[in-house]
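Secondary and tertiary structure notes
Spelled out, the chains give:
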Amino acid sequence: MTRHLLRDDDVSQSEQSEILDLALELKRDRFALTPLAGPQTVAVIFDKSSTRTRVSFAVGIADLGGVPLIISTANSQLGGKETAADTARVLERQVAAIAWRTYAQSGLEEMAAGTMVPVINALSDDFHPCQLLADLLTIREHRGRLAGLTATFLGDGASNMAQSYLLAGATAGMHVRIASPREFEPAAAVVHDARERAHVTGGSATLFADPAEAVAGADVVITDTWVSMGREAEKAERLTRLSPYQVNASLLALAKPDALFLHCLPADRGFEVTAEVLDGPQSVIWDEAENRLHAQKALLTWLLRQA
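Here the structure is a predicted model, which means the values were calculated and not measured.

Here we take up the overall build of the protein. On a plain count of helices and strands, the protein comes out with twelve helices and nine strands. Viewed in the frame of its principal axes, the protein has a C-alpha envelope of about 55 × 40 × 35 Å. Burial status across the protein gives 56% buried among its 307 residues. Contacts in the protein between residues far apart in sequence, at least 24 positions, make up 76% of those at least 6 positions apart. Surface summary for the protein: the accessible area is close to 12,500 Å², and the carbon and sulfur share equals 51%. Averaged over its 28 positive side-chain charges, the protein has a centre that lies 2 Å from the centre of its 39 negative ones.

In structure tokens:
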């Protein structure tokens, strides 16, 4: 059966670890594996603008011996005359895998159900599993492990990053804390799924309203932009409601002295995080950005091996 990565809990704890092991191997030797030699083509579809996703997939596919086919939905039939399922059936006869950066999670599910090649969620409104693989890789590089660590995400708890941290962190056996106002809490179904996975792995998933309480003793502190694509009209309200969750030096000081700071970028300096933290000694954001390349190469390699 074809394997896909549409959300972070599509892989088990051991499978997640396999992918991260493979990412470390590929980081040590970028050209050690060429599963796309031929070259084979991977379709990378964009509904949303992108820097890190576009570059890391294009470079990574080339590193693996393949050819990236970058498709904009503005210049294709997808989302217009053609359904996601029909597009998938066309693409599967010509490409080895499909990555899609889109809005609705349902579109990814429809595409995956309609094809026999791996489909990767390169970002949706609900989840960002490729970024989480990069984040977990970064944490493991700096701390040597994932299980048992406490990771606190602050800000919009209903964002794709917060929800992916719940699922991916719980899968890794981490203690995930989400700090947000009540109206910005993650979807109840996602929290439930994270707790179910944590019950198996020894992790946990906890929601907080108080940012200071959530950060206390944390090994990792994470935030993301408060105004994601499609939310621009809500900017003023969001800045007001989320301002107590800004990651600044005084808040970060409540975490462990050697706590790591992560942000998937782009960052709105002075809003969700201060420049002092973003550019400070605890920040590992540039390692995190680079690791999108290695994590996605590992994911593609792993998925192709499952066929």
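After that view, the rundown keeps rolling.
Here we take up the pattern of salt bridges. As enumerated under the stated definition, the model contains 15 salt bridges in all. Of the charged contacts, one joins Glu234 and Arg238 as a salt bridge, the two residues approaching to 2.9 Å between their closest N and O atoms. Given the relative accessible area of 4%, Arg238 is considered buried. Several salt bridges converge on common partners, so that one network encompasses Arg7, Asp9 and Asp193.

Let's shift gears to the sheet that holds strand β4 (residues 119-123). With respect to topology, four strands assemble into an open sheet ordered β2-β1-β3-β4, the strand pairing being parallel. Strand pairing shows two members of the sheet lacking a second neighbour, β2 (67-72) and β4, which therefore form its edges. The mean inter-strand angle of the sheet, taken between neighbouring strand axes irrespective of direction, is 20°. Bridge count between strand β1 (residues 41-46) and strand β3 (residues 97-101): five bridges; the pairing is parallel.

Rules of the game
The residue numbering used here restarts from 1 in each chain and proceeds along that chain's sequence as written. Reporting of local features is limited, given that this is a predicted model, to residues whose pLDDT is at least 70; pairs of side-chain atoms are given and counted only at 80 or more, and all residues count toward the totals for whole chains, interfaces and linings. Think of the side-chain values as coming from all heavy atoms in the structure, minus any hydrogens and water. Secondary structure elements follow DSSP: runs of H or I of four or more residues count as helices, runs of E of two or more count as strands, with numbering from the N terminus. Throughout this description, buried means an accessible area under 20% of the type-specific maximum (1.4 Å probe, protein chains only), exposed means over 50%, and partly exposed covers the range between. Every residue pair with non-hydrogen atoms within 4.5 Å of one another is taken to be in contact. Working definition of accessibility: Shrake-Rupley area with a 1.4 Å probe, residue cover restricted to the visible protein chains. Charge assignment: positive for Lys and Arg, negative for Asp and Glu; neither His nor the chain ends contribute. Taken as the charge centre is NZ of Lys, CZ of Arg, CG of Asp or CD of Glu, depending on the residue. Any carboxyl oxygen of Asp or Glu that lies within 4 Å of a side-chain nitrogen of Lys or Arg is treated as forming a salt bridge with it. Strand pairing is assigned whenever DSSP identifies at least 2 bridges connecting the two strands. Fitted lines through C-alpha atoms give the axes, limited to the stretch in contact for helices. The angle between two N-to-C directions lies from 0 to 180 degrees.

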